[in-house]
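# Understanding the architecture of this molecule
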Amino acid sequence: MGVEIDDTNQLKKILNDISSVSSHALSREELKNIIVRIDSYLNNVTSTPRPKIDLKINDLIKYTADFPINNSDQKYFIKPVGWAERPFSLERTLSRDVEILHFSKRRPAAVRVGDIVICYAVGTTKLLGYFEVLSEPVNSMVEGDRWPWSIEAKNLCPDYSENWNSFRNTISSIQNSYNNDIPMTYAGGKTLGALNFGSDRIQLTKEFAQHVIKIIEESI
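I will try to describe carefully the structure that is included in this document. Bear in mind the structure is a predicted one, so any value in this text is a computation, not a measurement.

The rules behind each value
- Residues numbered from 1 in each chain as written.
- Predicted model: local features only at pLDDT ≥ 70, side-chain atom pairs only at ≥ 80, totals over all residues.
- Heavy atoms only, no water.
- Helix = DSSP H or I, 4+ residues; strand = E, 2+ residues; numbered from the N terminus.
- Expected span 1.5 Å × (residues − 1).
- Buried < 20%, exposed > 50% of the residue type's maximum accessible area, 1.4 Å probe, protein only.
- Contact = heavy atoms within 4.5 Å.
- Arc of directions from axis to C-beta.
- Polar contact = N/O pair within 3.5 Å; in protein donor to acceptor, adjacent residues only side chain to side chain.
- Core = buried A, V, L, I, M, F, W, Y, C linked by side-chain atoms within 4.5 Å.
- Pairing = 2+ DSSP bridges.

Take helix α5 (residues 206–219) next. Along its 14 residues, α5 runs 20 Å from first to last C-alpha, staying within 8% of the 20 Å computed at 1.5 Å per residue. Inspection of α5 places F208, A209, V212, I213, I215, I216 and E217 among the buried residues, and these make up the whole buried set. Looking at the buried positions of α5, the neighbouring elements they touch are β1 (76–81), β3 (116–121), β4 (127–133), α3 (158–162), α4 (171–176) and β7 (202–204).

Note: α-helices contain 3.6 residues per turn, so residues at a spacing of three or four share the same orientation. Here helix α2 (residues 28–44) is 17 residues long and its end C-alpha atoms lie 25 Å apart, about the 24 Å a rise of 1.5 Å per residue gives. For α2, the set of buried residues is E30, I34 and Y41. Each buried residue of α2 sits inside an arc of 35° when the element is viewed along its axis, so together they form one side. With respect to the buried face of α2, the exposed residues turned more than 90 degrees away are R28, E29, K32 and N43.

The next thing to look at is the side chain of T185. Mapped onto the secondary structure, T185 falls in the loop between α4 and β7. Polar contacts involving the side chain of T185 include one to the main-chain amide nitrogen of G189, which spans 2.7 Å. Excluding residues that lie within four positions of it along the chain, T185 makes contacts with T191, L192, I202, Q203, L204 and T205.

Counting 42 residues, the largest nonpolar core has I78, I118, I174, L192 and L204 as its most contacted members. Counting only elements with at least two residues in this core, the list comes to β1, β2 (98–103), β3, β4, β6 (149–155), α4, β7 and α5.

The element β4 is largely enclosed, with a buried count of 7 among its 7 residues. Here β3 pairs with β4 via 5 bridges, running antiparallel. Paired with V117 across the two strands is F131, which belongs to β4. The turn linking β3 back onto β4 is made up of 5 residues, and G123 within it adopts a positive phi angle of 115°. Where β4 and β6 come together, 3 bridges link them in antiparallel fashion. Bridge pairing in β6 links V133 to A153.

Right, dumping it as structure tokens:
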């Protein structure tokens, strides 16, 4: 961010925040591409004073399923995007950077910062990608809102999300590709059937979630 901070308490808070989320070591190529983009941006901004910086680098970073996890009790969820009366359009994509994910009228208290949410499209049931939770749930406070709770989440595989409809990864296929003798859900379920009854999320076992994440990563 280009900001110098000498407040000890503020620095401790920042370091704690950084250590509580997953990290990604940049490759030499990624670092070089980021520097090139920054230099190009600075060279093309000539007005004084300079406008507020609007520079995204998320598309230059290749995230993998093997990213380090510092949160030992990190949880994994799968959730639908859209609903029966308004299925997820074939032409629509989720953000390559930060997406707002919505939940029903009951606060999703189990979903915490640092957790992973795998999303799929209502209608086609195809996977849309997987995301890391960045914020606590917030209520829109709008009367009659069907999905009033929301969180911010970072797209960990933007290349997949941008082309999700070209892949054949559906709710059925990810279940069929897994050992049906091993539970898929944290509650011990061996199917994702609860999604057919209006559930806005299901907590998955770590093993099944990583199986699905691997499918997403290897599809690109």
